[in-house]
Amino acid sequence: YSYRPKHPSIIRGGNAMGIFDSILNPSRKAERNLDRAEELLKVLLCPREAPKSRDAEKVLKEYPSRQAKIDRILELCGEPETPRQRYIRAMAISFEKSDDRNRAISAFVKYLAGEPYEGAWLHARHTLGNRPFSPEEEKNIHLAEMYAHLGALYSARGDYKQAFACAQKEMELVPFYPGPYCRASDLCVKKNQLPEAMNILVHAKKTDFYRPLKYRDGAGETVTEDTFRRVIDRHIEELKKKIDRGYEYNPKKKKP
């Protein structure tokens, strides 16, 4: 699964009254800044989507590089006090090119430690077969995506224990997706724990989600959804090959 922010970000055109109101009402100005920051974040998340306002077009011209956009988002966002600020900040920092993952890790840890930003999942529309997910399930999907980001950062840093903990949290939140099981298994492989890696995939086969799901689509046609099964089976096959040839993970040392 992939994250697709679908909540509305309203950026009002600048006018004399709007500027005057912002001066008199700091909270309104801060909210407008967050609107701009979130729309710029959408450009990072979905670069092919055209900006939805003249303000955004102007900002994109002023900040053409990715790092310039990130810096501008963080400037508009301000100190990460609210769920929305913590979310925007964490996601923006995740796009930075840096060998030092601590800054991004800290941002995601801080976000996940507090109340999540409702706007990040409020208008999401995920389904399982023909069943739409409830708001609570959409919230869990969002949180799982945040743990997936954090786990990837830990893994890139070589902290497989913490990365594995993130994958476990994903499995708790979204047991109907195969990705978290595969990530947890792959992390065991990186620790040269191949039997444990296989056990995770075997466990996935025992869940109800491994069974193909049959349902009728909008046209009344019977559809069989077996993505979970196919993904898990492919990972099991690849892992068996590694076990058979005595695979051992040896990470390449980075040049000083």
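This is a predicted model, so every value here is computed, not measured.

I'm lost on helix H4 (residues 66-77) in this one. Help?
One full turn of an α-helix is made of 3.6 residues, so residues set three or four places apart face in the same direction. The end-to-end C-alpha separation of H4 is 16 Å, in line with the 16 Å expected for 12 residues at 1.5 Å each. Buried within H4 we find Ala68, Lys69, Ile70, Arg72, Ile73, Leu74, Leu76 and Cys77. Gly78 sits one or two positions beyond H4 and adopts a positive phi of about 80 degrees.

Just checking my understanding: could you explain the environment of Val109 for this structure?
Summarising the element assignment, Val109 is placed in helix H6 (residues 102-113). Note on Val109: relative accessible area 37%, which makes it partly exposed. Spatially, the C-alpha atoms of Val109 and Tyr147 are 9.0 Å apart, while their sequence positions differ by 38 residues. Val109 has contacts with Leu150 and Tyr154, leaving out every residue within four places of it along the chain.

Please explain the pairing of strand E3 (residues 213-216) as it appears in this structure.
Two faces, one strand: in a regular strand the side chains alternate between the faces of the sheet. Pairing geometry for E3 and strand E4 (residues 222-225), over four bridges, is antiparallel. Within the sheet, the bridge partner assigned to Tyr215 lies in E4 and is Val223. Linking two consecutive strands that pair antiparallel, namely E3 and E4, is a turn of five residues; a positive phi of about 85 degrees is found at Gly220 within it.

How should the packing of aromatic side chains be read in this particular structure?
Pairs of aromatic rings are described using the distance from one ring centre to the other and the angle between the two planes. Counted according to the given criterion, the structure contains seven aromatic pairs. Between Phe209 and Phe228, the aromatic rings sit 6.4 Å apart at their centres with planes inclined by 45 degrees, giving tilted as the arrangement. With Phe209 in the loop between helix H10 (194-205) and E3 and Phe228 in helix H11 (residues 227-244), the pair connects residues that are 19 residues apart, well separated along the chain. Of the residues examined, Phe209 reaches a relative accessible area of 30% and is grouped as partly exposed. Its relative accessible area of 6% is what places Phe228 among the buried residues. A connected cluster of aromatic rings, assembled from ring pairs, spans Phe133, Phe176, Tyr177, Tyr181, Phe209 and Phe228. In this structure, Lys191 is placed above the aromatic ring of Phe164, and the distance from its NZ or CZ to the ring centre is 5.0 Å.

Help me out: how do you make sense of the layout of surface pockets in this one?
To find leftover empty space, a probe the size of one water molecule is rolled over the atoms. In this structure, the largest pocket encloses a volume near 340 Å³. If you list the elements that add at least two residues to the lining of the largest pocket, you get strand E1 (127-128), E3 and H11. Here the residues of the lining of the largest pocket sort into nine nonpolar, four polar and four charged.

I'm lost on the nonpolar core in this one. Help?
Generally speaking, soluble globular proteins have nonpolar side chains that are buried together. Of all hydrophobic cores here, the largest spans 65 residues; its most connected members are Leu41, Ile73, Tyr87, Ile88 and Ile232. When residues in this core are grouped by element, the largest group, eight residues, is from helix H7 (residues 135-156). Beyond its immediate chain neighbours, meaning those up to four positions away, Ile88 contacts Leu34, Ala37, Glu38, Leu41, Ile73 and Cys77.

I would appreciate a short explanation of H11 in the present structure.
An ideal rise of 1.5 Å per residue puts 26 Å on 18 residues; H11 measures up with 26 Å between its terminal C-alpha atoms. Among all positions of H11, only Phe228, Val231, Ile232, His235, Ile236 and Leu239 are buried. Looking straight down H11, one finds its buried side chains confined to an arc of 130 degrees; they lie on one side. Projecting away from the buried face of H11 at angles above 90 degrees are the exposed residues Lys241 and Asp244. Structurally, H11 contributes buried residues whose contacts are with helix H9 (179-190) and H10. Backbone geometry just downstream of H11 places Gly246 in the positive-phi region, at approximately 70 degrees.

Cut-offs and rules
- Residues numbered from 1 in each chain as written.
- Predicted model: local features only at pLDDT ≥ 70, side-chain atom pairs only at ≥ 80, totals over all residues.
- Heavy atoms only, no water.
- Helix = DSSP H or I, 4+ residues; strand = E, 2+ residues; numbered from the N terminus.
- Expected span 1.5 Å × (residues − 1).
- Buried < 20%, exposed > 50% of the residue type's maximum accessible area, 1.4 Å probe, protein only.
- Contact = heavy atoms within 4.5 Å.
- Pairing = 2+ DSSP bridges.
- Phe/Tyr/Trp six-rings, centres within 6.5 Å; stacked < 30°, edge-to-face > 60°.
- Lys NZ or Arg CZ within 6 Å of the ring centre and 35° of its normal.
- 1 Å grid on protein atoms, 1.4 Å probe; cavity = no way out; pocket = protein on both sides within 12 Å on 5 of 7 lines; lining within 4 Å.
- Points joined across faces, edges and corners; volume = space filled by probe spheres on them.
- Nonpolar A, V, L, I, M, F, W, Y, C, P; charged D, E, K, R; others polar.
- Core = buried A, V, L, I, M, F, W, Y, C linked by side-chain atoms within 4.5 Å.
- Arc of directions from axis to C-beta.

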